[in-house]
Amino acid sequence: MTFDRSIKIAPSILAADFANFGAECEAIEAQGADWVHVDVMDGHFVPNISFGPTTCAAIRPHIKGVMDVHLMISPVDPYIDAFAQAGADIITAHVEAGPHIHRTLQAIRGAGAKAGVALNPGTPAEAVAHLLDITDLICVMTVNPGFGGQKFIDMTDKIKTLRAMIGDRPIHIEIDGGVDVKTAPGVAQAGADVLVAGSAVFRGGSVTDPAPYGDNIRAIRTAAQGVYV
Ligand code: DX5
Ligand code: ZN
């Protein structure tokens, strides 16, 4: 099977109703989400706390597709098994989270999940140059992680560099932070295939009125795909 480089929209449940995660996950999938992006924050690596592996396990039965877990925590390694057992399909760790990202990615694969590596805006593409054979996804942060709803930081050159480095390898490029109809075309054109969007997906909708989620997802997808037309 050929590697899927088509555009995938991954709503971040950081922008969902925290009292209704199960229903929110079902709503965004019903409205066309490709993956569900789950932001884990520890109040140490980033200046905010969200939730941990117990919450991931609780929402897993409400997600039919890919559960994409973004760990903004340090250290990472002691928690890998817990997130894998919670049912994460992809576990992404930050290259800045510790001195042994190579070991961390090996451990994620060893736990049975796909291994992702995330780069903060200040970290160059070259930080992953020696990790490509043990990586399934590179997450390019287009905000400084910690909060939803922040202003997009242009990382076009980094995305292009990574796309060239990846070549034919089966590695996704994911963009996370400030993705909306305006910013999606540029990142898609530069080579990204997974677009995380929190506020731009959940804006205007709710579990009792989920249709706006679908409108938002379609608008972002159309904007991103438009660059190929
Ligand atoms: C930032 C998170 C992102 C964020 C995306 O720390 O990793 O996933 O919630 O939210 P928006 O799309 O609102 O920037
Ligand atoms: Zn994220």
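Here's a quick rundown of the structure. Model, not experiment: these values are computed from the prediction.

Our focus in this paragraph is the coordination of the zinc ion (ligand 2). Only His-37 (NE2), Asp-39 (OD), His-70 (ND1) and Asp-176 (OD) from the protein reach the zinc ion (ligand 2) as donors, at distances of 2.0 to 2.3 Å. Taken together, the six donor atoms coordinating the zinc ion (ligand 2) span angles of 67 to 170° at the metal, a pattern that classifies the geometry as octahedral. Spacing between the donor residues of the zinc ion (ligand 2) along the chain follows H-x1-D-x30-H-x105-D. Separated by 106 residues along the polypeptide, His-70 in strand 3 (residues 66-72) and Asp-176 in strand 7 (residues 172-176) bring together distant segments of the chain. For the residue pair His-70 and Asp-176, the accessibility class agrees, reading buried in each case.

Bringing the pattern of salt bridges into the picture now. Under the counting rule described, the total for this entry stands at seven salt bridges. For the salt bridge of Asp-34 with Arg-221, the shortest nitrogen-to-oxygen distance reads 2.8 Å. With Asp-34 in the loop between helix 1 (21-30) and strand 2 (35-41) and Arg-221 in helix 8 (residues 211-225), this residue pair connects regions lying 187 residues apart in the sequence. In this structure Asp-34 comes out as partly exposed when scored by relative accessible area, which is 28%. The exposure class of Arg-221 is buried, given its relative accessible area of 18%. Notably, a salt bridge pairs Asp-136 with Arg-109, separated by 2.9 Å at the nearest N-O pair.

Our focus in this paragraph is the site of ligand 1. Ligand 1 sits among 20 residues. The nearest are Asp-39, Gly-149, Asp-176, Gly-198 and Ser-199. A distance of 2.8 Å separates an oxygen atom of ligand 1 from a polar atom in the backbone of Gly-149. Between an oxygen atom of ligand 1 and a side-chain N or O atom of Asp-176, the distance comes to 2.6 Å. With the chains in place, 99% of the 380 Å² that ligand 1 exposes on its own is no longer accessible.

Right, let's get into unusual backbone geometry. With omega at 0°, the peptide bond leading from Ser-74 into Pro-75 counts as cis. Mapping Pro-75 onto the fold places it in the loop between strand 3 and helix 3 (80-85).

What follows is about helix 4 (residues 101-110). Within the span of helix 4, buried status applies to Ile-101, Thr-104, Leu-105 and Ile-108. Buried residues of helix 4, viewed axially, fall in a sector of 95°; they line one side. For helix 4, the elements touching its buried residues are helix 3, strand 4 (90-94) and strand 5 (114-119). Backbone geometry just downstream of helix 4 places Gly-112 in the positive-phi region, at approximately 95°.

Procedures and definitions
Residues numbered from 1 in each chain as written. Chains lettered and ligands numbered in written order. Predicted model: local features only at pLDDT ≥ 70, side-chain atom pairs only at ≥ 80, totals over all residues. Heavy atoms only, no water. Donors = N, O, S within 2.8 Å, 3.2 Å for Na, K, Ca; no water. Tetrahedral: all angles 85-135°; square planar, octahedral: opposite > 155°, others 65-115°. Helix = DSSP H or I, 4+ residues; strand = E, 2+ residues; numbered from the N terminus. Buried < 20%, exposed > 50% of the residue type's maximum accessible area, 1.4 Å probe, protein only. Salt bridge = Lys/Arg side-chain N within 4 Å of Asp/Glu carboxyl O. Near = heavy atom within 4 Å. Polar contact = N/O pair within 3.5 Å; in protein donor to acceptor, adjacent residues only side chain to side chain. Areas by Shrake-Rupley, 256 points an atom, 1.4 Å probe, with all protein chains shown as cover. Arc of directions from axis to C-beta. Contact = heavy atoms within 4.5 Å.

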